[in-house]
Amino acid sequence: GQNIDQPTEMTATEGAIVQINCTYQTSGFNGLFWYQQHAGEAPTFLSYNVLDGLEEKGRFSSFLSRSKGYSYLLLKELQMKDSASYLCAVSSYSGNTPLVFGKGTRLSVIA
Amino acid sequence: EPEVTQTPSHQVTQMGQEVILRCVPISNHLYFYWYRQILGQKVEFLVSFYNNEISEKSEIFDDQFSVERPDGSNFTLKIRSTKLEDSAMYFCASSPPGPLGDEQFFGPGTRLTVL
């Protein structure tokens with residue numbers, strides 16, 4: 001079966017750092033994605049990890065541990081516009097496969 | 001920057017009616033997908049399409065659903081006889097061939113409301 005877990009909601013302060021965790025149990029693994037989704041809009045790609053370790057892209061970083069079935073998304077220097085849902089998704093096998101999404105973490109950034 | 005487009009942005013229909021949702025994937029992409037997201041729930045895979053045929057479909061994608069690529073640019077999702085529970089946001093996505101093929105680019109979505 002496929003199971004992806006992430007916290008439902010988080011709140012953080014503008015300028016701070018927040019870490020959003022994701023654990024997964026899938027029948028196969030070919031990479032983990034993080035998407036950002038503002039209310040009523042499409043998911044937009046943030047990051048992709050297929051090997052263990054940290055991938056950094058500006059204010060956003062994503063970490064993967066395949067042995068633990070665990071990833072996190074780290075957002076630094078939070079801005080109000082970062083208030084959105086953050087979706088963890090797994091690709092189970094290679095070759096342009098469907099993504100399996102978690103329920104998303106709704107992040108609220110407060111002043 | 002190229003993007004996936006979808007029309008209409010919002011579709012309201014009566015239960016039992018047929019609807020066609022349209023998507024124009026990014027031009028050099030070869031893999032196409034439909035996902036749906038019921039309000040407040042997670043994004044769910046419906047179907048993937050490659051080389052003019054369905055490559056994979058989920059349990060949700062039953063006989064009332066069909067997909068088509070009628071020409072070189074459009075990719076459509078048809079729901080033959082809509083039910084109340086089909087009310088959702090429907091997202092089209094596409095991905096390129098090659099080593100970046102796993103990244104899927106999503107369209108803005110069509111909000112389907114079935115009354």
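Residues numbered from 1 in each chain as written. Chains lettered and ligands numbered in written order. Predicted model: local features only at pLDDT ≥ 70, side-chain atom pairs only at ≥ 80, totals over all residues. Heavy atoms only, no water.

A. Fine view of the sheet that holds strand β8 (residues 75-79) of chain B. Residue and element names in this part refer to chain B. Read across the sheet, 4 strands follow the order β1-β3-β8-β7 without closing on themselves; strand pairing throughout is antiparallel. Edge strands, defined here as strands with exactly one partner in the open sheet, are β1 (5-7) and β7 (65-68). In this sheet, neighbouring strand axes are inclined to one another by 20 degrees on average, regardless of whether the strands run parallel or antiparallel. Looking at chain direction, strand β3 (residues 19-24) and β8 are connected through 5 bridges and run antiparallel. (Pairing = 2+ DSSP bridges. Helix = DSSP H or I, 4+ residues; strand = E, 2+ residues; numbered from the N terminus. Axes fitted to C-alpha atoms, helices over the stretch in contact; angles between N-to-C directions.)

B. Layout of the state of the cysteines. Evaluation of the coordinates by the stated rule reveals 2 disulfides over all chains. Through a disulfide, A:Cys22 is tied to A:Cys88; the S-S separation comes to 2.0 Å. On the S-S bond that ties A:Cys22 to A:Cys88, the torsion sits near -70 degrees, and the link is left-handed. Taken together, the positions of A:Cys22 in strand β3 (residues 18-25) and A:Cys88 in strand β9 (residues 84-91) put the pair 66 residues apart, joining distant regions of the chain. Like A:Cys22, the residue A:Cys88 is buried in the burial classification. Between B:Cys23 and B:Cys92 runs a disulfide, and the two sulfur atoms are separated by 1.9 Å. Every disulfide takes its handedness from the sign of the S-S torsion; for B:Cys23 and B:Cys92 that torsion is -60 degrees, giving left-handed. Separated by 69 residues along the polypeptide, B:Cys23 in strand β3 and B:Cys92 in strand β9 (residues 88-95) bring together distant segments of the chain. Each member of the pair B:Cys23 and B:Cys92 is classed as buried. (Disulfide = S-S within 2.5 Å. Buried < 20%, exposed > 50% of the residue type's maximum accessible area, 1.4 Å probe, protein only.)

C. Main features of the side chain of B:Thr13. On the secondary structure map, B:Thr13 appears in strand β2 (residues 10-13). Ignoring any residue separated from it by four or fewer positions in sequence, one finds B:Thr13 in contact with B:Val19, B:Thr82, B:Leu112, B:Thr113, B:Val114 and B:Leu115. (Contact = heavy atoms within 4.5 Å.)

D. Broad picture of the interface of chain B and chain A. With 20 residues of chain B at the interface, the matching set in chain A holds 21 residues. Both faces considered, chain B and chain A share a buried interface measuring about 1600 Å² in area, 53% of it formed by carbon and sulfur atoms. Broken down residue by residue, the surface that chain B buries against chain A is led by B:Lys42, B:Asp102 and B:Phe106, which jointly contribute 34%. For the interface between chain B and chain A, the tally reads 0 salt bridges. The tally of links from chain B across to chain A stands at 4 residue pairs in polar contact (both at pLDDT 80 or more). (Buried area = accessible area lost by both parts, 1.4 Å probe. Salt bridge = Lys/Arg side-chain N within 4 Å of Asp/Glu carboxyl O. Polar contact = N/O pair within 3.5 Å; in protein donor to acceptor, adjacent residues only side chain to side chain.)

E. The arrangement of the packing of aromatic side chains in detail. Applying the stated criterion across every chain, the model contains 21 aromatic pairs over all chains. Judged by centre distance (5.4 Å) and plane angle (80 degrees), the rings of A:Tyr35 and B:Phe106 are edge-to-face. Note that A:Tyr35 is positioned in strand β4 (residues 32-37) and B:Phe106 in strand β10 (residues 105-106), a pairing that runs across two chains. Each member of the pair, A:Tyr35 together with B:Phe106, is buried. These aromatic residues form a ring-pair network of at least three members: A:Phe33, A:Tyr35, A:Phe45, A:Tyr48, A:Phe101, B:Tyr33, B:Tyr35, B:Phe45, B:Phe91 and B:Phe106. (Phe/Tyr/Trp six-rings, centres within 6.5 Å; stacked < 30°, edge-to-face > 60°.)

F. Representation of the pattern of salt bridges in the model. Residues and elements named next belong to chain B. This structure, assessed with the given rule, holds 4 salt bridges over all chains. Between Arg36 and Glu44 there is a salt bridge, with its nearest N and O atoms 3.3 Å apart. Using a relative accessible area of 11% as the deciding quantity, one classes Arg36 as buried.

G. Quick peek at the sheet that holds strand β8 (residues 70-75) of chain A. Residue and element names in this part refer to chain A. A sheet is described by the order of its strands in space; here 5 strands give the open sequence β1-β3-β8-β7-β6, paired in antiparallel fashion. The open sheet has two edge strands, β1 (3-5) and β6 (53-57), and neither has a second partner. Within the sheet, the average angular offset between the axes of one strand and its neighbour, ignoring direction, is 15 degrees. Summarising the sheet, β6 and strand β7 (residues 60-65) pair through 5 bridges and their orientation is antiparallel. Bridge assignment links Leu54 to a residue of β7, and that residue is Phe63.

Note that every value here comes from positions in space, so none of it alone points to a role or purpose.
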